[in-house]
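Here is what each chain is made of, one letter per residue.
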Amino acid sequence: YTSFGKTVYFVDLLSRHAEKGVDMICDMVSQPLFPADEFASEKDVILREADMCKDDPDDVIGTRLWAEMFLEHPLRQPIIGHKELISTVDREMMIRYYGRRYCPGRTLIVVCGDVKPADIFKMVKDRLGA
């Protein structure tokens, strides 16, 4: 999910699959695929979600409140973005944006459960250390 100030990728699995979970998260952060054949359909999903926000009174009121409270701050913008801008985004634009914003240096990875922290730290460092 995405909210003000963060995008969250969540994996819930058994501890014996922790390495696979670390692999998946690290791949999503450092090597997103953005398959060309799926990009347009995923963009359509986002555009539909933007429309759905307009049907939810809580979202409408919240969006208006933030726009009125923050006249110049980026928090005045809707979390999902503006439909007219989303429709102009192509795959190459997304790759460039993702590279600037979603990178290992701006990432916090939280792991909890029946795992050894040293093992998890090593896995993450091995995959994102560079």
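As a reminder, the structure under discussion sits directly above these lines.
Source: prediction; values computed, not measured.

(A) Region of the structure containing the overall build of the chain. A count of helical and extended segments in the chain gives six helices and two strands. Order of helices (α) and strands (β) in the chain, N terminus to C terminus: β-β-α-α-α-α-α-α. Relative to the 2.2 N^0.38 estimate, which gives 14 Å for 130 residues, the radius of gyration of the chain is 18 Å and therefore markedly larger than a compact globule would have. Projecting the C-alpha coordinates of the chain onto the three principal axes gives extents of approximately 45 × 35 × 25 Å. When burial is assessed residue by residue, the chain has 14% of its 130 residues classed as buried. Total accessible area on the chain is roughly 10,200 Å²; 58% of this is exposed by carbon and sulfur atoms.

(B) Geometry of the packing of helix H1 (residues 18–30) against helix H6 (residues 117–128). Packing of H1 against H6 brings their axes to within 10 Å, and their N-to-C directions diverge by 30°. Taken as a pair, H1 and H6 cross one another with a handedness that is right-handed. Here Ala-18, Glu-19, Val-22, Asp-23, Cys-26 and Ser-30 of H1 come into contact with H6, specifically with Ile-120, Met-123, Val-124, Arg-127 and Leu-128. Looking at the contact of H1 with H6 residue by residue, the classes come out as seven nonpolar, one polar and three charged.

(C) Spatial organisation of the layout of surface pockets. If you add up the space inside the second largest pocket, you get close to 400 Å³. Along its surface, the second largest pocket is lined by 20 residues, and Cys-53, Thr-63, Pro-78, Ile-80 and Gly-81 are the ones closest to its centre. For the lining of the second largest pocket, the secondary structure elements donating two or more residues are helix H2 (36–54), helix H3 (57–69) and helix H4 (83–86).

(D) Broad picture of the nonpolar core. If you look at the biggest cluster of nonpolar residues, it comprises seven residues: Ala-18, Val-22, Cys-26, Ile-120, Met-123, Val-124 and Leu-128. Broken down by secondary-structure element, the contributors of at least two residues to this core are H1 and H6. Sorting elements by how many residues they give to this core places H6 first, with four residues. Not counting the four nearest positions on each side in its chain, Ala-18 is found in contact with Leu-13, Val-115 and Ile-120.

The rules behind each value
Numbers given to residues run from 1 along each chain, matching the order in which its sequence is written. Note on the predicted model: pLDDT of at least 70 is required for a residue's local features to be given, and 80 or more for side-chain atom pairs to be given and counted; whole-chain, interface and lining totals, by contrast, use all residues. The side-chain quantities take in all heavy atoms of the structure and omit both hydrogens and water. Numbering of helices and strands starts at the N terminus; helices are DSSP runs of H or I of at least 4 residues and strands are runs of E of at least 2. Just to be clear, the radius of gyration here is over C-alpha atoms, and the globule rule we use is 2.2 Å times residues to the power 0.38. Exposure categories follow from relative accessible area, calculated using a 1.4 Å probe and restricted to protein chains: below 20% of the type maximum is buried, above 50% is exposed, and the middle band is partly exposed. Using a 1.4 Å probe, the Shrake-Rupley method yields the accessible areas, and only the shown protein chains count as cover for residues. Throughout, an axis means a line fitted to C-alpha atoms (over the contacting stretch in the case of helices), and angles, computed between N-to-C directions, take values from 0 to 180 degrees. Each crossing is labelled by how the near helix is turned from the far one, with a counterclockwise turn of less than a right angle marking it left-handed and a clockwise turn marking it right-handed. Two residues form a contact once any of their heavy atoms are found within 4.5 Å. Each residue gets one of three labels, nonpolar for Ala, Val, Leu, Ile, Met, Phe, Trp, Tyr, Cys and Pro, charged for Asp, Glu, Lys and Arg, and polar for the others, Gly among them. Lining residues are those with an atom within 4 Å of a point, where the points come from a 1 Å grid over the protein atoms alone and group into cavities, where a 1.4 Å probe fits but cannot get out, or pockets, open sets with protein on both sides within 12 Å along at least five of seven lines. Grid points are joined across faces, edges and corners, and a volume is the space filled by probe spheres set on the points. Only buried residues count toward a nonpolar core, which is a set of Ala, Val, Leu, Ile, Met, Phe, Trp, Tyr and Cys residues joined through side-chain atoms within 4.5 Å.

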